[in-house]
Amino acid sequence: MKVSVIGTGYVGLVTGACLADAGNHVFCCDIDAAKIATLNAGGLPIFEPGLEAIVARNRAAGRLVFSTDIAACVAHGELQFVAVGTPPGEDGSADLSHVVSAARAIGRHMTEYRVIVNKSTVPVGTADKVRSAVAEELSARGIATPFSVVSNPEFLKEGAAIEDFMRPDRIVIGSEEERATQLLRQLYAPFQRNHERVMVMSVRSAELTKYAANAMLATRISFMNDLANLAERIGADIEEVRRGIGSDARIGYHFLYAGAGYGGSCFPKDVKALQRTAEQAGHPLRLLAAVDAVNEAQKGVLAGKVKARFGANLAGRKFALWGLAFKANTDDMREASSLVLIAALLEAGASVRAYDPVAGHEAARLFAGEPRVELAGSAAAALEGCDALCVVTEWQEFRSPDFEAVKAKLKTPAIFDGRNLYDPAAMKRLGIEYFAIGRPA
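Below you will find a few notes about this structure. (Residues numbered from 1 in each chain as written. Predicted model: local features only at pLDDT ≥ 70, side-chain atom pairs only at ≥ 80, totals over all residues. Heavy atoms only, no water.)

On to the environment of Ala-72. Structurally, Ala-72 is set in helix α4 (residues 70-76). Placed 68 residues apart in sequence, Ala-72 and Ser-4 show a C-alpha to C-alpha distance of 9.4 Å. (Helix = DSSP H or I, 4+ residues; strand = E, 2+ residues; numbered from the N terminus.)

Right under this line is the structure:
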């Protein structure tokens, strides 16, 4: 099939590459000429395990094209995927200007039937706005070309997006038009050969499903973080509690890990956007307000532990940070807990020496001109001259370090673990002061 994808950010690039890998001819378009130039030169604007190889082989096979030519993009595919950004506005609502702009571009250039597929995470009712935008452009041209608008939300985890796309748990299609539904069923047939994964529902239900899924996962994280803070105060171990409740099949183990708070491009934005939608509908979601508040507070917990150990005035001290990305296997630092920790340490007078396996380039951009933030080339190098270590991201290489070497490099053998990677009893035997989340110090 011929498929067009508008937007080559995280969702658009993964979607386009994976659809091309299934044999489709995919035209990816973006208004960012520099990004398109990078892609056409064989580079990637994001880090995602396995994506570079997929993009390379499909470009070589001629199934994947990158361009800034929106007219050619609209002419290419019967299916027009819209995968542009929906950044949060000042009131927390999703900014739909890029989505509407893409819809208008389709309306300005289409000459035959098109299915506009909303892949971006958007509030309920966005399909109606897209439909109106396309219709207005067609009307201005004096034509009445038929088109459909459907919702096909993505459920990709950063760091595991290829696996999630190729072997999805479910494929949600919000459509009330059979022609559009059948085209999407045909497109996704290769990704559900062993059993049916397609769920067809109303457009508005599909739009809400995406927000509801992320809000539910965020709720589990905030619940465990709140519980972890209670566990510390009453002498319980949140890891033991996690195993105790996770063994219940009704609950399960996923997203039950206490830590330094969630971040990234999805959960914080989507929780706020769903709250805004609920407020506009006259039914505020009080639970989500608490989820959001708990998460914002949780991002400051690690800094609080550092100050409790070393004092509120950290002038002259330097702290090593392992991990800058909001989670492992990505270079995404949007809403990352590391940013809150670094800001708090700097405000208290300290300096930071940080290392991340892939997010160093993003950190260099964010902290350009800040002399108190140094970026190290390895985990060991980050420890040099530091008073203590803060672990912020759960990268695999941080899970089993040489603790004797860590002790030897640090001025004070202390680890502040924002991801509960280590065993408190083992740390005690090694003579390391260990401060985790919801675990005995």
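Here the structure, examined in full by the defined rule, presents 12 aromatic pairs. Ring centres of Tyr-188 and Phe-191 lie 6.2 Å apart, and the angle between their planes is 65°; on these two criteria the pair is classed as edge-to-face. When sorted by exposure, Tyr-188 lands in the same class as Phe-191, which is buried. Ring centres of Trp-322 and Phe-398 lie 5.1 Å apart, and the angle between their planes is 20°; on these two criteria the pair is classed as stacked. Here the residue Trp-322 occupies a position in strand β9 (residues 318-322), and Phe-398 occupies one in the loop between β12 (388-391) and α17 (403-409), the gap between them amounting to 76 residues. Judged by its relative accessible area of 3%, Trp-322 falls in the buried class. Note on Phe-398: relative accessible area 0%, which makes it buried. Put simply, the rings of Phe-310, Phe-319, Phe-416 and Phe-435 pair up and form one aromatic cluster. Looking at Arg-170, its charged tip hangs above the ring of Phe-155, at a distance of 3.7 Å from the centre. Positioned above the aromatic ring of Phe-310 is the side chain of Arg-309, whose terminal nitrogen or guanidinium carbon lies 4.7 Å from the ring centre. (Phe/Tyr/Trp six-rings, centres within 6.5 Å; stacked < 30°, edge-to-face > 60°. Buried < 20%, exposed > 50% of the residue type's maximum accessible area, 1.4 Å probe, protein only. Lys NZ or Arg CZ within 6 Å of the ring centre and 35° of its normal.)

A few words now on helix α13 (residues 301-310). Along α13, the positions that sit buried rather than exposed are Leu-302, Ala-303, Lys-305, Val-306 and Phe-310. Down the axis of α13, the buried set is contained in an arc of 160°. They therefore lie on one face. Considering only its buried residues, α13 is in contact with α9 (203-234), β9, α14 (337-347), β12, β13 (414-417) and β14 (433-435). Taken from the residues just after α13, Gly-311 is the one with a positive phi, measuring 100°. (Arc of directions from axis to C-beta. Contact = heavy atoms within 4.5 Å.)

So, about the sheet that holds strand β11 (residues 373-375). Spatial strand order, β11-β10-β9-β12-β13-β14: six strands in an open sheet with parallel pairing. Of all strands in the sheet, those bounded by a partner on one side alone are β11 and β14. With strand direction ignored, the average angle separating the axes of adjacent strands in the sheet is 20°. Pairing of strand β10 (residues 351-355) with β11, which is carried by three bridges, proceeds in the parallel orientation. In the strand pairing of β11, Val-352 is matched with Val-373. Where α13 meets the sheet, it contacts β9, β12, β13 and β14, and its direction lies at approximately 155° from that of β13. (Pairing = 2+ DSSP bridges. Axes fitted to C-alpha atoms, helices over the stretch in contact; angles between N-to-C directions.)

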